[in-house]
Structure formats: C-alpha cells, structure tokens
Amino acid sequence: MLQTLLPILIFAALIVGAIGAARRIRLWRQGQRTPVGWARILHMPKRYLNDLHHIVARDKAMAHTHVATAGGFVAAMALAIVVHGFGWRNPILGGLLLAASAVMFVGALAVNRRRIHPRARPFPEKLSKGPWQRLSRSLLAYSVGMFLVSLPLVGIGPVAFGGGVLAIVLLTLVAWGVLELVVGMGWGGPMKHAFAGSLHLAFHRRPERFDDRQAHAGSTNTHDAHRGSRSTALFPLDLTAPKLGVEKPADFQWNQLLGFDACVQCGRCQAVCPAFAAGQPLNPKKLIQDMVVGMAGGSDTGYAGAGYPGIEIGKHQGAPEQAIVPQLVEAETLWACTTCRACVEECPMLIEHVDAIVDMRRFLTLEKGETPEKGAVAIDNLIATDNPGGLDNASRLDWAADLELPRIQTRPEGVDVLLWLGDGAFDMRNQRTLRALVQILRAGGVDFAVLGDEERDSGDVARRLGDEATFQRLAERNIITLSRYRFQRIVTVDPHSFHVLGREYPDFGGKYRVLHHSTFIAELFDAGRLTIRPAERKETVTYHDPCYLGRYNGEFAAPRRILEALGIEIAEMERSGFRSRCCGGGGGAALSDVPADLPGRARIPDMRMEDARATGATTVAVACPQCTAMLEGVVEPRPQIKDLAELVADALVTPASAEPEASVAVSSPSREEEPA
Amino acid sequence: MTPPDAAACPVVALVSSGRHPVSGRPGRAREDARAVEMGLTLAGARLQLVHAGNAEEPVLRDYLGMYHGLDDAAAQGELALLPMTPADDAVLLLATWLAESGCRLVLAGQRAECGEGSGLLPYLLAERLGWTIVSGAATIERIDADRVTLLQVLPQGQRRRLEVSLPCLITVDTLAPPPRQSAFGPARRGRIQVVDGLTAEEDSASGEWRWQPARARPKRLKIVKSGNARDRFRAAAARSSAGGQVLTDLTPEQAADRLIAYLREEKILSEEKILGDEMP
Ligand code: SF4
Ligand code: SF4
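**Q** Give me the packing of aromatic side chains: which residues, what numbers.
**A** Residue and element names in this part refer to chain A. Counting across every chain of the model gives 10 aromatic pairs over all chains. Here the aromatic rings of F203 and W254 are separated by 5.6 Å at their centres, their planes lie at 55°, and the arrangement is tilted. Here F203, found in the loop between α7 (192-202) and α8 (254-261), pairs with W254, found in helix α8; they are 51 residues apart in sequence, far enough to count as distant. One exposure class covers both F203 and W254, and it is buried.

**Q** Explain the site of ligand 1 to me, and be specific about the residues and the numbers.
**A** With respect to spatial proximity, the complete set of residues near ligand 1 consists of C263, V264, Q265, C266, G267, C269, K285, C347, P348, M349, I351 and H353 of chain A. Of the residues belonging to the shell around ligand 1, the class tally is eight nonpolar, three polar and one charged.

**Q** Residue-level account of unusual backbone geometry, with values.
**A** The amide bond that connects E636 of chain A to the next residue, P637 of chain A, takes the cis arrangement and shows omega of -5°. Mapping P637 of chain A onto the fold places it in the loop between α23 (625-632) and β9 (640-643). A cis amide bond, omega -5°, links L166 of chain B with the succeeding residue P167 of chain B. Here P167 of chain B lies in the loop between β9 (159-165) and β10 (168-172). Positive phi values are uncommon outside glycine, yet L350 of chain A reaches one of about 55°. Among the structural elements, L350 of chain A can be located in the loop between α13 (342-346) and α14 (353-367). The backbone of D249 of chain B shows a phi angle near 55°, a positive value even though the residue is not glycine. In this structure D249 of chain B comes out as exposed when scored by relative accessible area, which is 78%.

**Q** Give a detailed account of the domain arrangement of chain B, specifying residues and quantitative values.
**A** One frequent convention defines the size of an interface as the accessible area lost when the parts assemble. Per the domain assignment, the segments making up chain B are domain 1 (11-204) and domain 2 (216-280). The C-alpha centroid of domain 2 of chain B is placed 31 Å from the C-alpha centroid of domain 1 of chain B.

**Q** Report on the interface of chain A and chain B, specifying residues and quantitative values.
**A** Contacts between the two partners involve 26 residues from chain A and, on the opposite side, 13 residues from chain B. Together chain A and chain B conceal approximately 1300 Å² of surface at their shared face, both sides included; 45% is due to carbon and sulfur atoms. Where chain A meets chain B, there are two salt bridges. Put simply, the parts of the chain that give the side of chain A that touches chain B at least two residues each are α14, α15 (373-385) and α18 (468-483) of chain A. Residue contributions to the side of chain A that touches chain B peak at six residues, all from α15 of chain A. Across the side of chain A that touches chain B, the residue classes tally to 11 nonpolar, six polar and nine charged.

**Q** Describe the environment of G87 of chain A, listing the residues and the values that go with them.
**A** Residues and elements named next belong to chain A. Structurally, G87 can be placed in the loop between α3 (60-85) and α4 (91-115). Look at G87 and you get partly exposed, because its relative accessible area is 40%. Once the C-alpha coordinates of G87 and L6 are considered, the two residues, 81 residues apart in sequence, prove to be 9.5 Å apart.

**Q** Go over a nonpolar patch on the surface with me, naming the residues and quoting the values.
**A** A cluster of nonpolar side chains, namely M1, L5, I8 and I168 of chain A, defines an oily patch on the protein surface of about 380 Å² accessible area. Residue position: I8 of chain A is located in helix α1 (residues 2-28).

**Q** So, the sheet that holds strand β5 (residues 487-492) of chain A: which residues are in play, and what are the values?
**A** Residues and elements named next belong to chain A. Read from one edge of the open sheet, four strands run β4-β3-β5-β6, paired in parallel fashion. This sheet does not close on itself; its edge strands, each paired only once, are β4 (448-450) and β6 (514-516). Geometrically, the sheet is characterised by an average inter-axis angle of 35° between neighbouring strands, direction not taken into account. Where strand β3 (residues 415-420) and β5 come together, five bridges link them in parallel fashion.

**Q** Describe the confidence of the model for chain B, with residues and values.
**A** One rule of thumb: low pLDDT means the predicted coordinates there are not for detailed reading. Residues and elements named next belong to chain B. Taken as a whole, chain B shows an average pLDDT of 83; of its residues, 89% reach a score of 70 or greater. Low pLDDT, under 50, characterises residues 1-8; the predicted model gives this stretch 14 contacts beyond four residues in sequence or across chains. With pLDDT under 50 throughout, residues 274-280 is counted as low confidence; its partners more than four residues away or in other chains account for eight contacts. Across the predicted assembly, pTM comes out at 0.89 and ipTM at 0.85.

**Q** Tell me about helix α4 (residues 120-129) of chain B, and name the residues and values.
**A** All names here are of chain B. Turning to α4, its buried residues number three or more, namely L121, P122, L125, A126 and L129. All buried residues of α4 lie within an arc of 130° about the axis, which places them on one face of the element. Exposed and facing more than 90 degrees away from the buried side of α4 are E127 and R128. Contact partners of the buried residues in α4: β1 (11-14), α3 (90-101), β6 (105-109), β7 (132-143) and β10.

**Q** Residue-level account of the domain arrangement of chain A, with values.
**A** Residue and element names in this part refer to chain A. Under the domain assignment, chain A is made up of domain 1 (2-202), domain 2 (388-526) and domain 3 (541-651). The C-alpha-based centres of domain 2 and domain 3 are spaced at 22 Å. Listed by partner, the interface residues are 28 residues for domain 2 and 30 residues for domain 3. Here domain 2 and domain 3 share an interface that buries about 2300 Å² over both sides, 67% of which is from carbon and sulfur atoms. It is R429, H496 and F525 that lose the most area in domain 2 upon contact with domain 3, and together they represent 23% of the buried surface on that side. The interface formed by domain 2 and domain 3 includes three salt bridges. Residue assignment for the side of domain 2 that touches domain 3 shows that the elements contributing at least two residues are α16 (428-443), α17 (460-464), α19 (495-504) and α20 (517-526). Residue classes in the side of domain 2 that touches domain 3 are distributed as 11 nonpolar, nine polar and eight charged.

**Q** Could you give me a rundown of the pairing of β6 of chain B, with the residues and numbers involved?
**A** Residues and elements named next belong to chain B. Within β6, five of the five residues are buried, which leaves it mostly tucked inside the rest of the structure. Here β6 shows two buried faces, one formed by L105, L107 and G109 and the other by V106 and A108. Here β1 runs beside β6; their pairing, made up of three bridges, is parallel. Paired with V11 across the strands is L105, a residue of β6. As judged from the five bridges shared by β6 and β10, these two strands associate in the parallel manner. Residue pairing across strands places V106 opposite L169, the latter belonging to β10.

**Q** For the site of ligand 2, give the residues involved together with the corresponding values.
**A** Around ligand 2, the neighbouring residues are C273, P274, L282, P284, C337, T338, T339, C340, R341, C343 and V354 of chain A. Counted by class, the shell around ligand 2 contains eight nonpolar, two polar and one charged residues.

**Q** Run through the sheet that holds strand β8 (residues 619-622) of chain A, naming residues and quoting values.
**A** Residues and elements named next belong to chain A. A sheet is described by the order of its strands in space; here three strands give the open sequence β7-β8-β9, paired in parallel fashion. Sheet topology places β7 (541-543) and β9 at the edges, where each strand pairs with a single neighbour. For this sheet, the mean inter-axis angle between neighbouring strands, taken without regard to orientation, is 30°. Summarising the sheet, β8 and β9 pair through four bridges and their orientation is parallel. Within β9, the position partnered with V622 by the bridge is D643.

**Q** Could you give an account of the pattern of salt bridges, naming the residues involved and the relevant values?
**A** All names here are of chain A. Within this structure, the stated rule accounts for 50 salt bridges over all chains. Between E468 and R362 there is a salt bridge, and its shortest N-O distance comes to 3.1 Å. A residue pair is termed long-range when its members are at least 10 positions apart, and E468 in helix α18 and R362 in helix α14 qualify at 106 residues. Accessibility assignment for this pair places E468 and R362 in one class, buried. Because the salt bridges share partners, they merge into one network encompassing D359, R362, D460, R463, R464, E468 and E504.

Rules behind the numbers
- Residues numbered from 1 in each chain as written.
- Chains lettered and ligands numbered in written order.
- Predicted model: local features only at pLDDT ≥ 70, side-chain atom pairs only at ≥ 80, totals over all residues.
- Heavy atoms only, no water.
- Phe/Tyr/Trp six-rings, centres within 6.5 Å; stacked < 30°, edge-to-face > 60°.
- Helix = DSSP H or I, 4+ residues; strand = E, 2+ residues; numbered from the N terminus.
- Buried < 20%, exposed > 50% of the residue type's maximum accessible area, 1.4 Å probe, protein only.
- Near = heavy atom within 4 Å.
- Nonpolar A, V, L, I, M, F, W, Y, C, P; charged D, E, K, R; others polar.
- Domains from an automatic or database assignment.
- Contact = heavy atoms within 4.5 Å.
- Buried area = accessible area lost by both parts, 1.4 Å probe.
- Salt bridge = Lys/Arg side-chain N within 4 Å of Asp/Glu carboxyl O.
- Patch = residues over 30% accessible without salt bridge, like charges linked within 9 Å, V, L, I, M, F, W, Y side chains within 5 Å.
- Areas by Shrake-Rupley, 256 points an atom, 1.4 Å probe, with all protein chains shown as cover.
- Pairing = 2+ DSSP bridges.
- Axes fitted to C-alpha atoms, helices over the stretch in contact; angles between N-to-C directions.
- pLDDT = per-residue confidence, 0-100.
- Arc of directions from axis to C-beta.

See the structure below:
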C-alpha cells in the first residue's frame with residue numbers, strides 16, 4: 001500500500017506546490033518592473049551559504065539548528081523523490097535518507113525547544129506563533145514519518161509496515177510534513193521563506209551588499225561584522241514619473257515585494273528597533289508582514305507576532321491596488337522610524353526596511369502633502385532659506401566671527417580641506433564642537449577653508465522625510481557651488497552631511513572625497529601632526545556610534561583610535577559598533593510629531609543614556625551634532641556629552657599654551673573653546 | 001461649520017507671488033495661501049485660482065500644490081493666468097476677467113508681500129466691480145445662493161459675525177486657518193491656463209510713485225517713571241494704548257490730509273511731496 005501511495009503523495013505535493021509557486025510569482029509580478037538578468041540566479045548559492053549564513057550565525061544556536069533542519073530536509077526530500085517517488089529502492093540511498101531524516105529530526109527538536117515555553121522561560125517576544133509554531137511540529141512530523149517509512153529500505157522494520165493502522169499513521173505524518181513543507185512553500189505557508197528567500201537573494205535590489213570587496217575586513221572569523229560593501233544611499237526618485245513614491249503595494253518594485261515575502265518573522269529587526277523599544281507605534285517585522293498582507297490581499301488578523309505598540313492587530317487590511325496609508329499601515333508608523341538601519345543590518349533575509357519606509361513617506365509628502373507638521377515647516381524653511389531652521393543663511397558663520405576662518409572664495413588656487421559646517425553651524429551647542437575642530441585643524445597645520453553662506457543644507461532631512469524634490473534641488477545647487485572651487489577633500493563634523501555628500505551626491509554627479517572629522521583627526525594623529533598631553537585623571541568614557549557614521553558608512557575604527565590616542569580606555573556599551581542603538585534624532589523622526597510622552601512610551605535618547613549609564617561612564621563621547629543634541633536633552637544627572645573634537649581640543653598642546661604648561665601642574669581647561 | 005453649498009457659487013482666489021521675510025525668495029504669499037486654504041475648504045477642487053502677472057512665475061505652482069486631501073482625490077488645481085508686465089494695471093485685467101467668469105465670491109490675502117498685490121488691490125477691484133468687500137475674515141461659516149456668513153477678526157481676539165450678500169470680495173486675515181502644505185505632485189500636475197484676449201493697460205498711477213525700501217519702525221520705549229514696583233508692574237501689564245484720537249465728521253480729503261500729516265510726524269513718510277492720489 002505504501003509503495004503505491006507514497007509516490008502519489010510526493011508527486012501530488014510537488015505539483016500542487018509548483019502551482020502555488022506560480023501563483024506566488026504572479027503576486028510579486030504585480031510590482032513595478034525592473035530589468036534584471038536571469039543569470040543572477042547563479043549568485044544564489046554563494047549568497048545563501050556565505051552572506052546569509054554569516055548573519056544567521058550571529059545567533060550560533062540558531063545557525064546550527066537551521067543547518068541541521070534545512071540541510072536535513074533538502075537532502076531528505078531529494079532522496080525521497082528518488083527512492084519513494086521513482087521507486088529506486090537502493091539500500092545505500094535508503095541509508096542516506098534515514099541519515100538525512102535523523103539530522104532533520106535533531107534540528108527540529110532544537111526548533112521546538114526554542115518555542116516551548118515553560119513558565120520559567122517565557123516565549124521569546126520576537127518570535128511569531130501561529131503558523132510558525134505549527135511549522136516546528138510539522139518539521140517533527142516529516143522527519144519522524146520519513147524516517148520510519150524508510151526503515152524497510154535498509155531491511156529493518158516489520159513486514160506489517162506494508163499495511164494496517166501503522167501504515168496509515170505513518171502516511172499521515174509524511175502527508176502532514178509534505179503538505180507544510182512542500183505545498184506550503186508555494187502556497188504562502190511559513191516555508192515560503194525558502195522559495196522567496198532564494199530568489200530574493202538572487203534578485204536583491206542592492207547587489208553590492210554581497211560583494212566581498214569590503215573595506216573593513218579584519219574580522220573574518222567573527223560573524224558580528226558587516227559583510228559586503230555598504231550600499232546605503234537611498235535610490236534616486238524620478239521626479240517626472242506619473243506617481244511619486246509608493247501608494248499601493250503594487251507600486252513597489254517587484255523585487256521589493258519578493259523581498260518582503262522572504263521574511264521569516266524571526267523578529268531580530270524588532271529586537272533592535274529603537275522606536276519599538278520606546279513604545280512608538282512601529283515594529284519593522286510587523287511592517288514587512290503588512291506589506292505581505294497588502295501584496296496578497298487580506299487583513300492582518302492572521303499575524304501572530306508582536307504588533308505596533310499601541311495599535312491593535314486585526315483592524316487593518318490591504319490589497320495590491322489599495323492605498324497602504326491608512327487602511328493597512330498608519331502614517332505615524334512610518335514617521336516613527338529614525339532610519340537608523342539597525343533592522344536592515346540585523347535581518348538575516350537581507351530585507352530593506354528603510355527603503356520601503358522612505359518609499360511610502362515619499363508618496364505621503366510629495367503627493368499627499370501629509371508630512372508631519374514640524375517636518376513640513378522644516379521643508380518649507382529649506383526651500384526658502386536653505387536651512388531647516390528658517391534662519392538667514394548669511395548668519396551661518398556668525399559663531400566664527402572672531403576666528404577669521406579662511407573663505408574658499410579667496411583661495412582660487414585651491415585648498416586641501418573644505419570644511420563643511422552643516423546646519424549645526426546655527427546651533428549654539430554644535431558651535432562649540434566646530435570651534436574645537438577649528439582649533440585642531442590649526443594645531444595640525446591643515447590648509448582649510450569654508451564656503452560660508454554659499455553652503456546650503458545637504459538635503460538629508462528633506463530626503464528622509466520623503467521630499468525628494470527639495471533634496472534634489474539642494475543637491476544640485478550644492479554641486480554647482482562645489483564645482484566652482486578647488487579642494488582635495490571635504491571634512492565635516494556631521495555624519496548626515498558626510499553620508500549625503502559622500503554617498504548620495506554621486507547619483508547626481510557630485511563625486512567628492514568626504515571624510516568625517518573623526519577619520520580626519522585620526523589621520524592627523526597617525527601623521528604625528530597633533531601633540532597632546534595625556535589625560536591626568538582616569539575617567540570612564542564610552543563612545544556612542546552615530547548610525548550615519550557607523551552602520552551607514554562603516555566608520556567604527558577612527559573614533560576609537562582617537563580615544564586611544566588620548567589615552568582613554570573605552571567602556572563599550574552593550575550595543576556598540578554596528579549594533580549601536582540610535583539616539584532617536586535621525587531620519588526626521590525628531591520632526592515627526594509622534595508623541596513620546598504617552599503612557600507606555602519612553603524617549604529614545606533616554607534609553608540610549610541608560611545604555612551609557614550601565615557602563616559607569618562619566619563622559620559619553622559622541623561624533624554627531626544630532627546625537628549631541630538628543631543625548632544632552634536627557635535630564636541631569638547624567639554623564640556629560642562631549643564631541644570627539646572637544647575631547648581632542650581639550651588635550652591639545654598648542655604652542656601658545658605649551659609654556660604655562662610647564663609651570664602649572666594642574667591644567668585648567670583652556671579658555672579658548674568657550675562659546676563666544 | 002455647515003457644509004457650504006459651493007456649487008451654487010463658483011469661488012475664486014486671487015494669488016500673488018510672495019517674498020520670504022528672511023531670504024527674500026519668491027514663494028507663496030502667506031496670506032494668499034490662507035485665502036486658498038479657505039477656498040479649498042469651501043469649494044474643494046472647484047476653487048479656481050487667478051493671477052495677473054508674469055506667465056513664467058514658477059511660484060504659482062506652489063499654490064496648485066495645495067490641491068490635495070480633497071474629496072475628489074484625482075482633482076487638479078487650475079489657475080487662470082492673465083499675462084501682464086509689472087508696469088501694467090492688474091485691477092483692470094482682474095475686473096474684466098472676474099466679470100466674465102460669472103464668479104460671485106472672491107477670496108484674497110489681506111496683505112501681499114511685494115509689488116502691486118498690495119492691500120489696496122481688493123478695494124480697487126471691489127470698487128470697479130461694484131461688489132461688497134469684507135476685510136479680515138477668519139472663517140466662512142455658511143454660504144448660500146445669495147449670501148455668505150463669516151466671522152471677522154477684531155482686535156483683542158474678538159470676532160464679529162457678518163452676513164454679506166453676494167457677489168462679494170473677502171480678504172483673509174492672518175488668523176484664518178493656516179494653509180496646508182504645498183505638495184510637489186499636485187503642483188506639477190495643476191494646470192496654468194493663460195488667458196489671451198485681455199489687453200493690459202499701463203498703470204498710470206504707479207508710474208508716478210516713488211519706491212523706497214521698507215524700514216522697520218523703531219519700537220517706542222515705554223518709560224515708567226514710578227519707582228514703585230506695583231506701578232511698574234501695572235504699567236508693564238497694562239494694555240498698550242498707543243494713544244491717538246478718533247476722527248469723525250471729516251470729508252475724505254480732510255481725513256486724508258490728517259493721515260498724511262500723522263504719517264509725516266511719525267517719519268513714515270518722507271517730507272517730500274506726496275503725490276496725491278484719490279482714495280477709494
Ligand atoms: S524582516 Fe528580517 S529580521 Fe525582521 S522578522 Fe523578517 S526576516 Fe527577521
Ligand atoms: S530603521 Fe531603525 S527605527 Fe526604523 S524600523 Fe529600522 S530599526 Fe526601527
């Protein structure tokens with residue numbers, strides 16, 4: 001009986017699964033067409049085994065579990081097709097099939113262990129229940145069923161296997177297994193992640209993420225590192241397109257839809273999202289699932305994971321041709337994102353959450369005029385005055401009235417460094433950092449100049465708020481301005497300007513060598529151009545990695561090199577480096593009007609300050625005007641906030657102050673960098 | 001606010017090019033934008049915009065960018081452009097166009113930000129058309145076939161309800177609801193229709209004007225003589241009364257003379273000869 005039923009079962013499952021897969025492909029094809037070469041499918045194995053595996057392996061146990069379960073299943077299924085399907089009942093193949101099923105069984109046990117939650121060990125908040133809980137059982141069913149029905153192949157097992165109750169039981173187990181694992185793969189069960197995931201890896205929208213020419217190697221044996229080149233610039237938007245941004249799920253590129261479908265609901269993105277942790281109505285995992293709901297049509301009642309804080313699950317529904325906001329996703333969910341990219345960095349399926357969020361914001365801003373109020377004001381100001389504060393652009397250099405900064409306009413022969421001030425030039429706190437940097441540049445004998453009132457906002461905030469039109473206008477004007485002057489490189493204290501000028505302007509024809517001031521100061525130290533006196537007091541200092549410096553641009557080393565050069569030992573926070581937690585100030589989230597002072601909510605900078613306090617630090621070293629402002633906004637008592645430039649300037653031995661140094665034992669902070 | 005029956009009455013908003021107070025860049029004139037906002041709340045996408053001036057003015061698109069969030073999601077803004085040079089008289093053009101358009105309610109900002117979109121234009125228009133004019137509207141509460149009910153802004157946060165018969169021209173106060181965001185998409189899609197066939201005439205009056213840059217008026221110091229804390233507090237908390245007098249029973253000419261004399265005294269007008277122009 002088994003020998004007739006098993007082939008029918010296996011082939012039927014394969015055919016039905018294939019039909020489902022074809023329908024799934026049709027769902028993805030609702031998206032916008034982007035030309036991709038089919039040859040890219042060849043990239044898939046390497047990307048799976050190398051890039052994806054390294055991210056999964058940040059959780060060692062999970063990586064082993066997945067290797068056993070998935071590897072076991074793929075082998076067991078392939079062998080089952082040969083042995084049971086085509087009836088080539090070879091004992092060696094049978095033995096291999098048994099082995100594969102056994103490996104899969106071990107993996108499945110581990111999967112189940114993670115999901116069983118006795119009272120002492122609560123169910124992990126980041127995981128989803130529902131079909132994913134069922135999957136863990138189905139894995140067991142398949143592996144056990146397949147193992148037992150294959151025993152006779154190697155001559156073990158009673159003859160009674162051929163018929164009777166036991167056969168029916170085994171057949172049911174195998175049927176359950178293939179239904180979930182083969183049919184479900186095509187028909188949208190949890191196993192679709194394998195099918196969609198492989199294709200997503202092949203047709204990923206940012207293929208650069210998979211190349212191995214990474215500048216920041218050196219950590220090859222650890223998985224806790226970014227791999228591939230950084231591909232973090234937003235995609236330029238064609239402003240002449242009939243519709244700007246994404247209104248409906250079908251407005252996404254088809255390979256974005258494919259990417260959403262690859263999500264395994266592992267919740268790693270949710271676990272690192274600062275907005276979710278702060279109780280804001282955003283959860284990247286739910287957002288991706290909502291995109292799947294929208295693509296396939298239906299409501300979010302079937303979602304069995306954590307939702308958006310404060311928003312009930314089951315009240316929203318979507319369809320491919322129906323507007324996403326507000327039927328499927330509330331606008332405040334999109335505006336709560338700080339674009340910190342923590343989710344993207346952590347996602348084992350390499351899904352691009354930030355691209356999707358900005359795509360939807362673009363529609364809200366450019367087509368609907370529904371930017372949150374404060375954001376809209378900032379945009380209007382950018383249009384009218386070139387800075388988000390609506391201030392007279394001519395006052396950009398007011399803070400430096402006494403510094404006699406060289407203007408690039410008076411240096412037609414060119415300079416080494418163009419100092420890009422950024423909008424922090426209007427902020428009194430940041431002006432202190434800028435003054436410190438100027439002091440360092442002078443001490444290092446750097447040939448530099450500034451643009452003065454010819455400098456405009458880089459367009460960062462406008463772009464993250466979805467106003468691509470204003471961004472492109474600012475970018476074009478800045479590029480025209482920069483083309484008039486000669487300089488070797490641009491140095492800036494603002495990681496956002498650094499990112500936009502360095503990574504996003506090339507799409508618009510502006511190609512520059514841009515350095516963050518931390519990189520530049522570290523170079524000055526390396527070249528021996530700065531003399532400092534070592535710190536007298538041992539102080540505990542921690543360093544907060546800005547998202548746009550670290551995750552976006554991979555600069556983790558230079559700030560630490562500077563602190564080292566100052567003789568400071570860094571007490572690292574638990575989340576540092578590429579896992580750094582956002583200060584809450586990026587991506588226009590600070591302008592989003594999503595209230596932070598509701599019950600159950602926290603402020604993101606407060607949470608970051610808690611991370612800093614946990615290290616016992618008395619000083620938090622920062623490297624971004626935005627982080628400075630956010631962290632300094634945390635109520636006292638708290639560690640003091642100092643920009644790297646300020647720390648260096650404090651320790652600087654300038655020729656002028658070198659003399660009194662000898663006689664005064666206890667150094668007092670130099671007067672010079674006091675705010676004017 | 002009762003949903004006004006806008007179909008009964010085509011609504012038009014006059015728009016001009018503004019100047020940003022800090023950068024001096026062209027943009028939406030802030031009060032005109034409020035007028036457009038009021039018009040959109042009243043008439044939705046049926047609101048018609050009109051501008052007399054340079055057909056190439058890019059800023060006009062910013063007003064068209066306000067056509068979103070309306071009942072008809074696919075609606076596009078429409079702006080009638082009456083071409084003329086800066087030396088021409090806008091009043092004549094606008095009056096001819098308005099008379100032909102059959103519209104009965106015109107909204108405009110109370111004060112423009114540059115050029116001749118100035119506060120006088122609505123008055124001159126109303127005079128020429130023979131319409132009623134109401135200044136300083138905060139909200140329009142109702143609009144029927146032949147009358148409109150609105151709230152007018154008075155000093156000290158007071159409001160006055162007025163009922164005005166149509167056709168009429170209403171200028172909008174800075175206290176009216178703020179304008180919605182101008183979005184790039186609708187701005188790009190909106191239509192600008194250049195109206196041909198109207199001949200502009202040179203503005204004979206403005207040719208004779210003397211222009212001088214505006215000067216911020218110095219703040220009058222409040223000198224409180226008493227050394228007594230209570231008095232000083234009272235003086236500081238007291239309503240600022242600028243003094244002045246109420247002039248009644250004067251002929252328009254006498255009134256104008258008194259006003260000019262006052263403006264001279266305050267050094268707002270320079271001493272040179274003021275070209276007498278008839279007050280409407
Ligand atoms: S989006 Fe990525 S990280 Fe988030 S749940 Fe899905 S697979 Fe996991
Ligand atoms: S970018 Fe940051 S804030 Fe936005 S969803 Fe991802 S983790 Fe959350």
